[in-house]
Amino acid sequence: MDGHLQRAERPVPLQASPDHQGHPPHVTELVASQLRGAQAAVRDLLLALSVGFALPGPLPADLQHKLDSGTVEDLDALVDRAEAAGLLRPDGTVLGTVQHALLASTPTAKVHALQRELVSVFMSAGQPLGSLARELARGGLADHRVAAELEQAADAALEGDPRLASQLYEEALLAGADPLATAARRAQAAAGDGELDAAARIIDALLVSPDPPDVRRGADVAASVWAQRGMLARAADVYSWLGAARVGPSAPLAAVAMIGAGDRSGAESIFQPDAPAASPTLLAAALVQTGQGIIASLGDKPHQGISLLIHASDMLNSARIALPLPETPAALAALLALHSGDPHLAETVCRSAAAAGQGGNSAQPRLLLLQGWAAMMQDKPEEARLAATEAAKANPWPLVPRDEFMCAALEVGLARRNGDVPELLRAWERAREAMLHTSVDLYSLLPWGELLIAAARLRETPRVAQYLDEAWKLLGQLDDPALWAVPLHWAAVQAALLNESPADLAPHATALARASAHSQLAAVLATAGKAWVSVLAGRFRPADVEGAARLLGAVGMPWEGARLAGHAAARADERRDMMRLLACARDLHPQGPPAGAASRAADLRPGAAETAGSRAQSDASGLSEREKEVARLVLEGKTYREIGEAIYISPRTAEHHIARIRRRLGAENRSDLLTRLRLALGVDNQQPLNPQQE
């Protein structure tokens, strides 16, 4: 040790001397003034530790050479002096402010040289850089080894955590990664994180290059982005451009996009359902069965497609892989179930897929909205609204156009079934805007059917006519597959009934009858359509109407069945028939919290209405719950018959309710009644939407 000290220049002790006011000097000034000359070795040690080297070594070659040759004192002495000066912690890490000062005052070229030497140390030891790689990239170090490790980490996170993967790929670019080689993966990460615009920009730059690398993945991402934008035909165009020679394992996804856009021949040319999977993995098998299921849905035995898609969904759930897909197998299975009149199955499939994270975060709103649609079909409006709310909040970003359109149509459907005209008008305005941002495809027919009925209800049919023409054209291109076409034909029947247009109804009724041979749902809807026509014509058999209504309930349409029975009850000639049909309507569509047995008795026994009403619970408004329900409908301008149809009571009972309300509020005429009702219910002073004398 003595010899070493003789060879080295005797060091001047380091100290953090206070300034003339008693405060420690600025750390940068301290480093600049004291870590030079005899203290340069301490500075070199602290700088090495600041860039990532660790004690006891190895250290940078230059510093290690000085230590080994005796040019400077030994390592222990350097460490002791740095610790004594308060610049180095006991655990061997540099004080944060000192580290910042050293890095800020050292030329960038020297810092990067030390960092590259540090990377070489890690590489020679076979150690991963870990989080150090991210720090080096963010610090501006360009090194292909750092970029490679960041790429590898991003690849590992891509299918499970696209947000992290996106950050890692960006850091890899900072470290010198090839932008073109990583483009497809960066786009996949961006799309998985909900950044559709960023993904589209990356893919555009990739696909215009002369020989784009990883082009199949890029096509999958592009198709997924187009699908989420509600433009599935563009997704199909991407796969047509890619071609059968390059599509490889993505052929099933191409089939999903092309069939959804109405191009069955293109799908069959690019995907062979009998071909084996590309590999014996869960993912490959799931994709093949997805393609097989969607093709089977177009045939004479479409329910085979549901089974195939459910199997595909189960496999993808097990694989726990989030991939860019035009549609997830769970969403397709749910759509087939909904089109088949089995909303409960649709709900369970989507619930399982959402719990497993199928399709990643970007697919969650779609699965939740399909759950909501299934709940609406099962006459569970609160569950449907909750699902829509959860879908809107599932991700930090707004709903993509495809999901926004479905959410708006779901709101329209709920408002229509609730009979709330103001709510329906608000939902319709949202849907009108949403439809401008999307286009018609096979997988959006349910929302379009709902909007067709609502448009007829609101006398807005011309606003959807163009889109419905496209829907019929698309179905025609696919040879009118029964499973997909039947619900839209039913929607057209209902719209024709609302428009009182038998000529418009006839072709759709014929189509339902023709599809009955291959579809139980079509048979039920054909029967229901005949029942509706007979009711509106005033020539119906109550037993036939009740049978048709209960069949609707059995295929996941209890609200539609109750509506049919309610309309028939309002037009029944015999009191016995009216009571029977009202009971059927209540069985299928129970009305909210009951107002009590007395109120129900009043509904069924018009002569006893006033007695029962006097016993019903009331609040400060002086009206019972049932009376307030009737009052709201009065404010909407509904007639006795319309009130009866809305809450499944007879027109005569509705008249008794209104007479009793008039007496309780002391209203002298209709105008006075409306004013007093608005005050009693706390409704804004406005005219009813469809004023009509009772």
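Structure: above.
Residues numbered from 1 in each chain as written. Predicted model: local features only at pLDDT ≥ 70, side-chain atom pairs only at ≥ 80, totals over all residues. Heavy atoms only, no water.

Focus on the overall build of the protein
And then number 1: The helix and strand inventory of the protein stands at 39 helices and zero strands.
And then number 2: Within the span of the protein, comprising 694 residues, buried residues form 54% of the whole.
And then number 3: Contacts in the protein between residues at least 24 apart in sequence constitute 65% of all its contacts with a sequence separation of at least 6.
And then number 4: A total of about 30,400 Å² of accessible surface is found on the protein, and carbon and sulfur atoms cover 52% of it. (Helix = DSSP H or I, 4+ residues; strand = E, 2+ residues; numbered from the N terminus. Buried < 20%, exposed > 50% of the residue type's maximum accessible area, 1.4 Å probe, protein only. Contact = heavy atoms within 4.5 Å. Areas by Shrake-Rupley, 256 points an atom, 1.4 Å probe, with all protein chains shown as cover.)

A word on the packing of aromatic side chains
And then number 1: This model, assessed by the stated rule, comprises three aromatic pairs.
And then number 2: Residues phenylalanine 405 and tryptophan 448 carry aromatic rings whose centres are separated by 4.6 Å and whose planes lie at 45° to one another, so their mutual orientation is tilted. Taken together, the residues phenylalanine 405 in helix α24 (residues 401–418) and tryptophan 448 in helix α26 (residues 445–457) connect sequence positions 43 residues apart.
And then number 3: Taking the relative accessible area as the measure of exposure, phenylalanine 405 reaches 3% and is therefore buried.
And then number 4: A relative accessible area of 0% means that tryptophan 448 is categorised as buried.
And then number 5: Pairwise contacts between aromatic rings join Phe405, Trp448 and Tyr467 into one cluster.
And then number 6: A cation over a ring is seen here: arginine 246 above tryptophan 241, with NZ or CZ 4.7 Å from the ring centre. (Phe/Tyr/Trp six-rings, centres within 6.5 Å; stacked < 30°, edge-to-face > 60°. Lys NZ or Arg CZ within 6 Å of the ring centre and 35° of its normal.)

With respect to helix α29 (residues 502–515)
Note on helix geometry: an α-helix contains 3.6 residues per turn, so any two residues three or four positions apart are oriented the same way.
And then number 1: Compared with an ideal rise of 1.5 Å per residue, which puts 14 residues at 20 Å, α29 spans 20 Å between its outermost C-alpha atoms and is within 8% of the ideal.
And then number 2: Buried residues of α29: Leu505, His508, Ala511, Leu512 and Ala515, and no others. Viewed end-on, α29 has its buried residues packed into an arc of 130°, placing them on one side of the element. Facing away from the buried side of α29 by over 90 degrees, the exposed positions are Pro502, Ala503 and Arg514. (Expected span 1.5 Å × (residues − 1). Arc of directions from axis to C-beta.)

Some details on helix α3 (residues 40–51)
And then number 1: Its twelve residues give α3 an end-to-end C-alpha distance of 17 Å, which sits within 8% of 16 Å, the value for a rise of 1.5 Å per residue.
And then number 2: With eleven of its twelve residues buried, α3 lies for the most part within the structure.
And then number 3: Looking at α3, one finds that the buried residues are Ala41, Val42, Arg43, Asp44, Leu45, Leu46, Leu47, Ala48, Leu49, Ser50 and Val51.
And then number 4: Immediately downstream of α3, the backbone of glycine 52 shows phi near 130°, a positive value.

A closer look at the layout of surface pockets
And then number 1: Size it by volume and the second largest pocket reaches roughly 470 Å³.
And then number 2: What lines the second largest pocket is a set of 29 residues, among which Arg216, Pro249, Ser250, Leu283 and Leu287 lie closest to the centre.
And then number 3: Of all the elements in the fold, those that place two or more residues in the lining of the second largest pocket are α13 (215–228), α16 (251–260) and α18 (282–296).
And then number 4: Examining the composition of the lining of the second largest pocket, we find that four residues originate from one element, α18, more than from any other.
And then number 5: For the lining of the second largest pocket, a count of residues per class yields 17 nonpolar, six polar and six charged. (1 Å grid on protein atoms, 1.4 Å probe; cavity = no way out; pocket = protein on both sides within 12 Å on 5 of 7 lines; lining within 4 Å. Points joined across faces, edges and corners; volume = space filled by probe spheres on them. Nonpolar A, V, L, I, M, F, W, Y, C, P; charged D, E, K, R; others polar.)

Side note on the pattern of salt bridges
And then number 1: Summed over all chains, the structure comprises 35 salt bridges.
And then number 2: Notably, a salt bridge pairs glutamate 450 with arginine 417, separated by 3.1 Å at the nearest N-O pair. Placement of the pair is glutamate 450 in helix α26 and arginine 417 in helix α24, with a sequence separation of 33 residues.
And then number 3: The exposure class of arginine 417 is buried, given its relative accessible area of 15%.
And then number 4: For glutamate 546, the salt bridge is made with arginine 550, and the minimal N-O distance between the two is 3.1 Å. (Salt bridge = Lys/Arg side-chain N within 4 Å of Asp/Glu carboxyl O.)

Some details on the packing of α24 against helix α25 (residues 421–435)
And then number 1: Following both chains from N to C, one finds α24 and α25 inclined at 160°, their axes separated by 8 Å at the closest point. Classified by the angle between their axes, α24 and α25 sit roughly antiparallel to one another. For the crossing formed where α24 meets α25, the hand is left-handed. Residues Glu404, Phe405, Cys407, Ala408, Glu411, Val412, Ala415, Arg416 and Asn418 of α24 form the contact with α25, whose participating residues are Glu423, Leu424, Ala427, Trp428, Arg430, Ala431, Ala434 and Met435. (Axes fitted to C-alpha atoms, helices over the stretch in contact; angles between N-to-C directions. Parallel < 35°, antiparallel > 145°, perpendicular 65-115°, else oblique. Left-handed = near helix turned anticlockwise from the far one by under 90°.)

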